[in-house]
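Overview (structure and organization)
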Amino acid sequence: MTEFAERNPDLSMQALADLAAQHFGRGGECRPLPSERDQNARLSSGGQDFVLKLANPAEAPGQIDLQNATLQHLARLDLPRLPRIVPTLAGRDRAVVEVGGRPAILRLVTWVEGVPLARTERTLPQLENLGRFMGELTRALQGFGHPQAFRPDFAWSLDHVLQLGTHADDIVDAGRRALVKRLFSRYEAQVLPRLPGLRASVLHQDANDWNVITDAADPARIAGLIDFGDMCHGRTVNELAITLAYALLDMPDLYAATRAVVTGFARSFSLTEAEAELVFDLMRMRLVASVCISSHQSKLHPENDYLLISQAPAFALLERLDQIDPAFMVALCRKAAGFEAVPGALALAEELADRPMRPVLASDPRRAARIALPTDGSRADMPAFSDRAFDAWIAEKRPSGLPADVPFLGFGLYGEKRSVYTAAQFADAASAERRTRHLGIDIFAPAGTAVHAPLDGVVESVTYNADPLDYGHTLVLRHATRAGRPFFTLYGHLGGSLPGLCQPGQTIRAGDLIAHFGDWHENGGWAPHLHLQVISSLLTQSGNFFGVGHDSLWDVWADISPDANLLLRLEPESFRIDPEPPEQLLARRRQVIGPSLSVSYREKLKIVRGRGAWLCDHTGRRYLDTVNNITHVGHCHPHVVQALARQAAELNTNTRYLHDAMPRLAERLAASMPGDLRVVYFVNSGTEANELALRIARTALGKTDTVVLDWGYHGNSGGTVAISPYKFKRKGGFPQPDFVQIASFPDPYRGPHRGPDSGPAYAADIDRCLDAVTARTGSGAATFIAESLSGVGGQVVLPKGYLAGVYARIRARGGLCIADEVQCGFGRVGPAFWGFATQGVTPDIVVLGKPIGNGHPLAAVVTTPELAARFANGMEYFNSFGGNPVSMAVGNAVLDVIETEALAARAAATGDGLMQGFRDLAGRHALIGDVRGMGLFLGVELVTDRDSRLPATGAAEHVVDQLRLRGVLASTDGPDDNVLKIKPPLVFGPEEAAILLAETDAALFTLSN
Ligand SMILES: Cc1ncc(COP(=O)(O)O)c(C=O)c1O
């Protein structure tokens, strides 16, 4: 391929055979082989084949030195599949013979068996093997040097390709000439300055498809490489660039071919990032060199048609490549070489995952009702997004009872393979493969829906992309990572308000209104929706960007456009269709689960995951959980989950062996208790804890008599139901057991005594109960059990002095007092930590449940050493599960979180804000009769009339239903089910409080209107 003026030597085959016999002692038959500037022949001698190479007399001997030294070096490394030098009879690496009266160098090398690549059908595995082979060669040439390799004037030295710049003028076709000149300019601006940083070595430089030999039996295998005549020293990556330039010629899929060659090369010779980034441009410059040289030679030898014919494939390739984004090819090469397609893509995704985001719609899409809109045919009746029938279809899917102001959104998947992209604009010159995989997320909502910026940024572009099925009005915002790296967000299919809202260069703050959803006529011809995309590099695009990528190149595209859900943070179910939605699951559950186990709401919820104060249903909709006082420190708190998982993987057994975790948790609980409350028993539920507490008290007292509060609830077992008027006095109940006395419920809002100071008046009723005990048993000694704030009684804060008055009376008659802290303990009511502390009393026995395990079945009884000693009457207390190491790990982890996140103080602060908020609501809604509570243990009592205080039970049920539709899970309690109970996980903060207040306000308005 070199410019070489001198004609090839032209001896007869017999003359060559004679020379071979004479100098190498190998007699035989010679057959001609092609050579650009030498005379080559295939010598068959003694059953072996060789190549006899008679160099052009004009060839500088130094170049033969270089070739031979290289081959000898490679032979020393035992690199297979390369020609080996056969020594002359005199033991030299060459002979000098006379050709036309001038000395010429004659060499003999071994024959590399196989089929030239040019004669095989190209396959991707073959190209990958080619890359790998050339990588091996490159590796073998590291550290090899030769003075003759420095050939700055050599036309094929890619490092010096600029020297061919003047030849560009010899290109006949103006368009091609301009293309080559543009490539020279790009090279000068973007490649040349980076060359000094690249590694250099001796290069073969000519892995064309006649020089690459494949295995005759398996053309995917590379059998060898010949022709070391174009060697020179240069940037190491040039070897790959040159290999790639030949490999891509006439390939139908340039992406796949590029990936194959680069991947193979990098597998045997790791590239640096800079090399991976430059190889595409260097490959094009090799093609440029080729067309410049042939155009120049054609100008010198206009009679030689072949020169122009031979350059056609190189031009065709350059022209194809010119139609695609070079930055994409750079990204592809980076990926193929084992790097991120775009530097920093991974770090960007990581940063986005934990960076604060504002919702993209005015109302947080995570809380909206929704429908997943996969296009894989799983919604058989769904019209295409580009079909006008889609509008009516999705409107009909909106749940009928959904309040008008609650958005109903459709979500289209990131990464989905979509059949809709069949238009020519979704393929390109490099490959026939259509780009079909969705690079953004689609949010379907009515035209006109407002779009807000999720992050601070600057307007990068505002464009109208008018092609059918394009984006219509399109906004791109530029943002920066914390380290200052730019990245972009794209908003497609917008309405005509865009140019009025955003101008290029404008600063945007997170939360700003930036656009509206466009209608069919302005959004590219789609059902109204927002295409939202994150872009780590705009490549060389502006104003528009690929919204879909190639399936086969998804790993590259995914680095260029990471999942837009990093912005939206939708639950994964938002994009899936649940194969067993709630109605079906309920039917199945009814077959196998007893009907007395109830499920909340008329329309049942299938909850699939939780986090913090939020639960997520099977459609991915998030609900604010305002009632779960079991998951005290937040749903699935990672610290608790990890502690549980770690311990479960290590050991879980019963308490017959010693284990550190049990005394540790007991010590921590005891340390939180006043007085002599120092002995702990671990059990598995509040019910079990109350059973044990009763057993301890009853064993100590020697009698079963128990005084309970009206409307009290203490568990689901026979023994605890018997002391729970909430159960036995209602539907399905039974007569009050004779050993149970019911004290008047101290409700300062609705009971016979009103106001916060009504405690002593209610406490006096205990005397009546104890008198009844005396009448029955001869002594007033009894066990008193009560919640320290009443939960099922309607979130009632006991009036001041109540428990003090009760405990004094019970103890005066020799009784014992149990505080049921199952609902109100562990900081729920604020820094007091235990509910009984708010009443200034110290119980004899404390029952702990729900929050202690954050959902794990764990409960405890804490009592005094004295009562514990009296309980140890000889009967062993054994509990299979109570106190097991996993439960103990969980209990300790829960305490850790309460402490480290200062949840008690947080509950107090959030609770105060909520109380004030509900009191404000009471100013607007006459239905609210009372707002009460402590910390995050609140009750909002609804009444039909504030004077009569008649319970507004129906209204409360309506509000709960409305709240559910509005994405808030609430519930009622109290004898008349008219009290909204609010006892969320303690991580419930001001943001959640604001949502609860706003939604309750809206739900109450539906009643007043
Ligand atoms: C005050 C009180 N005590 C005891 C229990 C029973 O606890 P568990 O359901 O863990 O058995 C409950 C449960 O709701 C409760 O609210």
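Everything below is about the structure shown above.
The structure contained in this document is the topic of the report that follows.

**Notes on the overall build of the protein chain**
For the protein chain, the helix and strand inventory stands at 29 helices and 38 strands. Over its C-alpha atoms the protein chain spans a radius of gyration of 42 Å, topping by over 25% the 30 Å that the globule rule assigns to 1009 residues. When the backbone C-alpha atoms are referred to their principal axes, the protein chain occupies close to 140 × 70 × 50 Å. Each of the 1009 residues in the protein chain was classed as buried or not, and the buried ones make up 58%. In the protein chain, 73% of the contacts between residues at least 6 apart in sequence involve partners at least 24 apart. Carbon and sulfur atoms provide 53% of the accessible area of the protein chain, an area that totals close to 39700 Å². Here the protein chain carries 98 positive and 113 negative side-chain charges, and the mean point of each set is 4 Å from the other.

**Observations regarding the packing of helix α27 (residues 903–924) against helix α29 (residues 990–1008)**
Viewed as axis vectors pointing N to C, α27 and α29 meet at an angle of 20 degrees, and their least axial separation amounts to 10 Å. In terms of orientation, α27 lies roughly parallel with respect to α29. Along this stretch, α27 crosses α29, giving a crossing that reads as right-handed. Residues Thr910, Leu914, Gly917, Phe918, Leu921 and Arg924 of α27 form the contact with α29, whose participating residues are Pro990, Ala993, Leu996, Leu997, Thr1000, Asp1001 and Phe1005. Looking at side-chain class alone, the contact of α27 with α29 contains 8 nonpolar, 3 polar and 2 charged residues.

**Let's talk about the packing of aromatic side chains**
Counted according to the given criterion, the structure contains 21 aromatic pairs. Centroid distance phenylalanine 833 to tryptophan 834: 5.0 Å. Interplanar angle 90 degrees. Geometry classified as edge-to-face. Here the two residues phenylalanine 833 and tryptophan 834 agree in accessibility, since each one is buried. The positively charged end of arginine 656 is found above the aromatic ring belonging to phenylalanine 878, 4.1 Å away from the centroid.

**Considerations on the site of the ligand**
The environment of the ligand is made up of Ser685, Gly686, Thr687, Asn690, Tyr713, His714, Gly715, Glu787, Asp820, Val822, Gln823 and Lys850. Side-chain polar atom of threonine 687 to an oxygen atom of the ligand: 2.4 Å apart, as the coordinates give it. Within the contact set of the ligand, an oxygen atom lies 2.6 Å away from a side-chain nitrogen or oxygen of lysine 850. Protein chains shield 84% of the accessible area of the ligand, which is 390 Å² for the free molecule.

**Quick word on the environment of valine 792**
Of note, valine 792 is situated in the loop between β30 (783–787) and α24 (802–812). With 49 residues separating them along the chain, valine 792 and valine 841 place their C-alpha atoms 22 Å apart. In contact with valine 792, other than residues within four places in its own chain, are Trp711, Gly712, Tyr713, Tyr726, Glu787, Gln823, Asp973, Gly974 and Pro975.

**Considering the sheet that holds strand β27 (residues 679–683)**
For sheets, the rule is that strands pair by backbone hydrogen bonds, running either parallel or antiparallel. With mixed pairing, 7 strands are arranged side by side in an open sheet as β27-β33-β32-β31-β30-β28-β29. The sheet is open, and its two edges are formed by β27 and β29 (740–743), each paired on a single side. Strand-to-strand, the axes of this sheet are offset by a mean angle of 20 degrees, without reference to chain direction. Direction of pairing for β27 relative to strand β33 (residues 859–863): antiparallel, over a ladder of 5 bridges. Its bridge partner being in β33, valine 683 is matched across the sheet by alanine 859.

**As for helix α10 (residues 326–336)**
Of all the 11 residues making up α10, 10 are buried; the element is thus mostly covered by neighbouring parts of the structure. Looking at the buried side of α10, the elements it contacts are α4 (174–191), α6 (254–268), α7 (273–300) and α14 (554–560). One side-chain oxygen at the N-terminal end of α10 lies 2.8 Å from the backbone nitrogen of alanine 327; it belongs to aspartate 325. At the C-terminal side of α10, glycine 338 shows a positive phi close to 100 degrees.

**Re the sheet that holds strand β34 (residues 928–934)**
Across the sheet, which stays open at both edges, the 4 strands sit in the order β34-β35-β38-β37 with antiparallel pairing between neighbours. The strands lining the two open edges of the sheet, one partner per strand, are β34 and β37 (971–973). When the angles between neighbouring strand axes are averaged without regard to direction, this sheet yields 30 degrees. Packed onto the sheet, α27 meets β34, β35 (937–942) and β38 (979–982) and runs at close to 175 degrees relative to β34.

**As for a nonpolar patch on the surface**
A cluster of nonpolar residues, Val592, Ile593 and Leu597, forms a patch on the protein surface that exposes about 290 Å² of accessible area. Positionally, valine 592 belongs in helix α16 (residues 582–592).

**Considering the side chain of lysine 606**
Along the polypeptide, lysine 606 turns up in the loop between α16 and β24 (607–611). Exposure remark for lysine 606: the relative accessible area of 16% places this residue in the buried category. Looking at lysine 606, its side chain comes within polar contact range of the main-chain oxygen of glutamate 580, at 2.6 Å.

**Describing the environment of leucine 848**
By the secondary structure assignment, leucine 848 is in strand β32 (residues 845–848). In sequence terms leucine 848 and valine 862 are 14 residues apart; their C-alpha atoms lie 7.9 Å from each other. When residues no more than four places from it in sequence are discounted, the contact partners of leucine 848 are Leu669, Met673, Ala689, Glu821, Val822, Phe826, Trp834, Ala859, Ala860 and Val862.

**Description of the side chain of aspartate 961**
Counting through the fold element by element, aspartate 961 comes out in helix α28 (residues 953–965). In this view, aspartate 961 contacts Tyr601 and Arg602; residues no more than four positions away in its chain are not counted.

**Topic: the pattern of salt bridges**
Scanning the model with the defined rule gives 64 salt bridges in all. Arginine 622 serves as the salt-bridge partner of glutamate 571, at 3.4 Å between the closest nitrogen and oxygen. Of this pair, glutamate 571 sits in the loop between α15 (565–568) and α16 while arginine 622 sits in strand β26 (residues 622–625), and the two are 51 residues apart along the sequence. Accessibility assignment for this pair places glutamate 571 and arginine 622 in one class, buried.

**Here we look at unusual backbone geometry**
The residue cysteine 636 is not glycine, and still its phi comes out positive at about 50 degrees. For cysteine 636, a relative accessible area of 41% gives the class partly exposed. A positive phi angle, near 45 degrees, is found at alanine 902, a position not held by glycine. If you trace the backbone, alanine 902 turns up in the loop between α26 (885–900) and α27.

Calculation notes
- Within each chain, residues carry numbers counting from 1 in the order of the written sequence.
- Per-residue local features are limited, in this predicted model, to residues with pLDDT of at least 70; the limit for side-chain atom pairs, both in listing and counting, is 80 or more; totals at the level of whole chains, interfaces and linings are taken over all residues.
- As a rule here, side-chain values cover all heavy atoms of the structure and leave hydrogens and water aside.
- Only runs of H or I of at least four residues qualify as helices and only runs of E of at least two qualify as strands under DSSP, and these elements are numbered from the N terminus.
- It is over C-alpha atoms that the radius of gyration is taken, and the globule rule equals 2.2 Å times the number of residues to the power 0.38.
- Exposed residues in this analysis have more than 50% of their type's maximum accessible area, buried residues have under 20%, and partly exposed residues fall in between, with area computed by a 1.4 Å probe over protein chains only.
- Residue contacts are counted whenever heavy atoms from the two residues lie within 4.5 Å of one another.
- Each accessible area is a Shrake-Rupley result for a 1.4 Å probe, and residues are judged covered by the shown protein chains and nothing else.
- When charges are tallied, Lys and Arg are placed among the positive residues and Asp and Glu among the negative ones, while His and the ends of the chain are skipped.
- Taken as the charge location is NZ of Lys, CZ of Arg, CG of Asp or CD of Glu.
- Throughout, an axis means a line fitted to C-alpha atoms (over the contacting stretch in the case of helices), and angles, computed between N-to-C directions, take values from 0 to 180 degrees.
- Note on angle classes: values under 35 degrees are labelled roughly parallel, values over 145 roughly antiparallel, values of 65 to 115 roughly perpendicular, and the remainder oblique.
- The sense of a crossing depends on the near helix, which, turned anticlockwise from the far helix by less than a right angle, makes the crossing left-handed and, turned clockwise, makes it right-handed.
- Classification convention: Asp, Glu, Lys, Arg as charged; Ala, Val, Leu, Ile, Met, Phe, Trp, Tyr, Cys, Pro as nonpolar; all other residues, Gly among them, as polar.
- The aromatic pairing rule takes the rings of Phe, Tyr and Trp, using the six-membered ring of Trp, and pairs them if the centres are within 6.5 Å, calling planes under 30 degrees apart stacked, those over 60 edge-to-face and the rest tilted.
- As a reminder, the over-ring test applies to NZ of lysine and CZ of arginine, requiring each to be within 6 Å of the ring centre and within 35 degrees of the ring normal.
- Proximity is defined per residue: any heavy atom of the residue falling within 4 Å of a molecule or strand makes that residue near it.
- Definition of a polar contact: a pair of N or O atoms within 3.5 Å, with one able to donate and the other able to accept a hydrogen when the atoms are protein atoms, and with sequence-neighbouring residues admitted only if both atoms are side-chain atoms.
- Strand pairing requires that DSSP identify at least two bridges connecting the strands.
- Distance thresholds for patches are 9 Å for like charges and 5 Å for nonpolar side chains (Val, Leu, Ile, Met, Phe, Trp, Tyr), applied to residues having over 30% relative accessible area and no salt bridge.
- Any Lys or Arg side-chain nitrogen located within 4 Å of an Asp or Glu carboxyl oxygen qualifies as a salt bridge.

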